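Structural features, examined
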Amino acid sequence: MEFIDLKSQQKKIRKNLEKRLFKILDHGRYIMGPEVFELEEKLSNYVSVKHCISCSSGTDALLIPLMAKNIGSGDAVLTTPFTYFATAEVIALTGATPIFIDIYKKTYNIDPDGIDKGVSIALKKGLNPKAIIPVNLFGLPARYRLIQEKAKKHNLTIIEDAAQSFGGKIGNKLSCSFGDVSSTSFFPAKPLGGYGDGGAIFTNNDDLATIMRSIRSHGSGIDKYENLRIGMNARLDTIQAAIILEKFSIFKNEIKLRNKIAQKYIKNITGNVIKPFTPQNYLSSWAQFSILAENNKLRTLKIEMLKKEKIPTMIYYKTPLHLQPAFKGLGYSFGDLPISESVSNKIFSIPMHPYLDPIDQDKIIDTLNNE
Ligand SMILES: *Cc1c(COP(=O)(O)O)cnc(C)c1O
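A brief structural summary. Since the model is a prediction, treat every value here as computed from it, not as a measurement. (Residues numbered from 1 in each chain as written. Predicted model: local features only at pLDDT ≥ 70, side-chain atom pairs only at ≥ 80, totals over all residues. Heavy atoms only, no water.)

On to the packing of aromatic side chains, then. One pass over the full model with this rule turns up 16 aromatic pairs. A ring pair is formed by Phe82 and Tyr317, whose centres lie 5.9 Å apart and whose planes are at 85°; its orientation type is edge-to-face. Pair noted here: Phe82 is in the loop between β2 (75-79) and α4 (86-93) and Tyr317 is in the loop between α10 (296-308) and α11 (338-346), with a separation of 235 residues, a long-range link. Taken individually, Phe82 and Tyr317 each receive the classification buried, so the pair is uniform in this respect. What links up through ring pairs into an aromatic cluster is the set Tyr46, Phe166, Phe202, Phe248 and Phe251. Across from the ring centre of Tyr332, 5.9 Å away, lies the NZ or CZ of Lys125, which sits over that ring. (Phe/Tyr/Trp six-rings, centres within 6.5 Å; stacked < 30°, edge-to-face > 60°. Helix = DSSP H or I, 4+ residues; strand = E, 2+ residues; numbered from the N terminus. Buried < 20%, exposed > 50% of the residue type's maximum accessible area, 1.4 Å probe, protein only. Lys NZ or Arg CZ within 6 Å of the ring centre and 35° of its normal.)

Take a nonpolar patch on the surface next. On the surface, a nonpolar cluster with roughly 500 Å² of combined accessible area is contributed by Phe22, Leu25, Tyr30, Ile31 and Ile239. Locating Leu25 in the fold gives a position in helix α1 (residues 6-27). (Patch = residues over 30% accessible without salt bridge, like charges linked within 9 Å, V, L, I, M, F, W, Y side chains within 5 Å. Areas by Shrake-Rupley, 256 points an atom, 1.4 Å probe, with all protein chains shown as cover. Salt bridge = Lys/Arg side-chain N within 4 Å of Asp/Glu carboxyl O.)

Now for unusual backbone geometry. The residue after Tyr316, namely Tyr317, is reached through a cis peptide bond having omega 0°. Of note, Asn70 is a non-glycine position whose phi angle comes to about 60°, a positive value. In this fold, Asn70 is placed in the loop between α3 (58-68) and β2. Residue Asn70 is classed as exposed on the basis of its relative accessible area of 63%. One non-glycine residue with positive phi stands out, namely Phe138, at about 60°. As for its position among the elements, Phe138 is in the loop between β4 (128-133) and α6 (144-154). The exposure class of Phe138 is buried, given its relative accessible area of 5%.

What follows is about α6. Because each turn of an α-helix spans 3.6 residues, side chains separated by three or four positions in sequence point in the same direction. Residues of α6 that are buried: Tyr144, Leu146, Ile147, Lys150, Ala151 and His154. Looking straight down α6, one finds its buried side chains confined to an arc of 155°; they lie on one side. Of the residues in α6, the exposed ones pointing more than 90 degrees away from the buried face are Arg145, Lys152 and Lys153. Elements that come into contact with the buried residues of α6 comprise α5 (115-124), β4, β5 (157-161), β6 (169-170) and β11 (282-283). Two residues or fewer after α6 comes Asn155, characterised by a positive phi angle close to 60°. (Arc of directions from axis to C-beta. Contact = heavy atoms within 4.5 Å.)

Here we take up α4. Listed as buried for α4 are Ala86, Thr87, Ala88, Val90 and Ile91. Buried residues along α4 sit against α3, β2, β3 (97-100), β4 and β5. Following α4 by one or two positions, Gly95 has its phi on the positive side, about 100°.

As a structural note, the neighbourhood of the ligand is formed by 16 residues, with Gly58, Thr59, Gln164, Ser185 and Lys190 the closest of them. At 2.8 Å from an oxygen atom of the ligand is found a main-chain nitrogen or oxygen belonging to Gly58. The contact in question runs from an oxygen atom of the ligand to an N or O atom on the side chain of Lys190, over 2.7 Å. Burial of the ligand by the surrounding chains reaches 94%, relative to a free accessible area of 380 Å². Of all the secondary structure elements, the ones that give two or more residues to the shell around the ligand are α3 and α4. The element that contributes the greatest number of residues to the shell around the ligand is α3, accounting for three residues. Split into classes, the residues belonging to the shell around the ligand amount to six nonpolar, eight polar and two charged. (Near = heavy atom within 4 Å. Polar contact = N/O pair within 3.5 Å; in protein donor to acceptor, adjacent residues only side chain to side chain. Nonpolar A, V, L, I, M, F, W, Y, C, P; charged D, E, K, R; others polar.)

What we call a disulfide is simply a covalent bond connecting the sulfur atoms of a pair of cysteines. Under the criterion given, the structure shown has zero disulfides. Unpaired in this structure, Cys52 has its nearest cysteine sulfur neighbour in Cys176, at a distance of 8.4 Å. (Disulfide = S-S within 2.5 Å.)

Our focus in this paragraph is the pairing of strand β9 (residues 199-203). Along β9, five of the five residues are buried, which leaves the element largely enclosed by surrounding structure. Here β9 shows a buried face lined by Gly199, Ile201 and Thr203 and a second buried face lined by Ala200 and Phe202. Where strand β1 (residues 51-55) lies against β9, five bridges are found, and the strand directions are antiparallel. Residue pairing across strands places Ser54 opposite Ala200, the latter belonging to β9. Where strand β8 (residues 181-185) and β9 come together, four bridges link them in antiparallel fashion. Paired with Ser185 across the two strands is Gly199, which belongs to β9. (Pairing = 2+ DSSP bridges.)

Let's shift gears to the packing of α3 against α4. Where α3 contacts α4, the axes come no closer than 9 Å and their chain directions differ by 35°. For the pair α3 and α4, the crossing hand works out as right-handed. Counting all contacts with α3, which are made through Thr59, Leu62, Leu63 and Leu66, the residues of α4 involved are Ala86, Thr87, Glu89, Val90, Ile91 and Leu93. Per-class residue counts for the contact of α3 with α4 are seven nonpolar, two polar and one charged. (Axes fitted to C-alpha atoms, helices over the stretch in contact; angles between N-to-C directions. Left-handed = near helix turned anticlockwise from the far one by under 90°.)

What follows concerns the side chain of Lys190. If you trace the backbone, Lys190 turns up in the loop between β8 and β9. Buried charge without a salt bridge: Lys190, with Asp161 as the nearest opposite-charge side chain at an N-O distance of 6.8 Å. Excluding anything up to four places from it in sequence, Lys190 contacts Ala163 and Ser185. (Lys, Arg positive; Asp, Glu negative; His and termini not counted.)

Our focus in this paragraph is the sheet that holds β11. Pairing is antiparallel in the open sheet, where three strands are placed in the order β7-β6-β11. The open sheet has two edge strands with one neighbour each: β7 (173-174) and β11.

See the structure below:
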């Protein structure tokens, strides 16, 4: 059994994928070829956002908007400590300071009630709070209505970290449309993954889009050899764009399949664990299906029982970011963000992908329910 099965998916698209790749070998436009623009247009139409700027990774998709907003030394950016390292890494890379805000017990997403406090902490440190990066963890969008209210009050730019949530929704609105800027990742294991690194940025803001396109390619102007600002080499390869285009053709159905599997898990897992909570009107893209054991010891036990049945598990995330060695300099200590710390101790993820065999799913459920 695989944790994420990319082989079954490849069988469905292999023929068309080969056709697309051969076409690129013929036209030879490996950098910014037509497939890149085709993908950007398809994705911006899908999420109903004016601009899609593809780029080299989900990490760069977060870094570029921070650079475009001139965020750096002396600035603070609020975010959640319960996420992948890259979310806060990019803040530190610009020279700005990450301020961590604790999460909701039930959704593991940032709790907007902590934003006021986060802003005062930043001000007390003599920093300018400039932005907030909410993360749509495991595919579930964060609580944007409340985040938007607080962001307006404190004049914060919202950068939606949608690396895990492409295809997720609140009502009829798709993830990647909730931020002033939204960022996603095409890392192979994400809901819409390529066969390598890649990412995309979405915004309705024309000026910001122009700046971010420029940063993506060495800060260039309309003339490629005129450099208006400091940028990066952060383009998406034509070959990756072609792969993502083929994967996108079956993506909507995959989100349905993931939700069907999630519903079966939720209905049938009855063992002593807490199952994921999806608020009304929210749709998760189920990048991960994560459950909470009662305590750390029972988590180890559950994982061992699953392992005996050859069922793979993962722990996202064992260490909240405020306790990561790399962020020691920020001065956080254990006890500062108790919900994130407690969830980190008890959470684990079970196999979740669109092609999970029903027999395998039953085996996972039975093993979990066997106390
Ligand atoms: C994967 C991920 C990223 C980084 O994406 P890459 O494409 O691996 O650079 C950022 N934030 C979150 C929440 C992620 O899960």
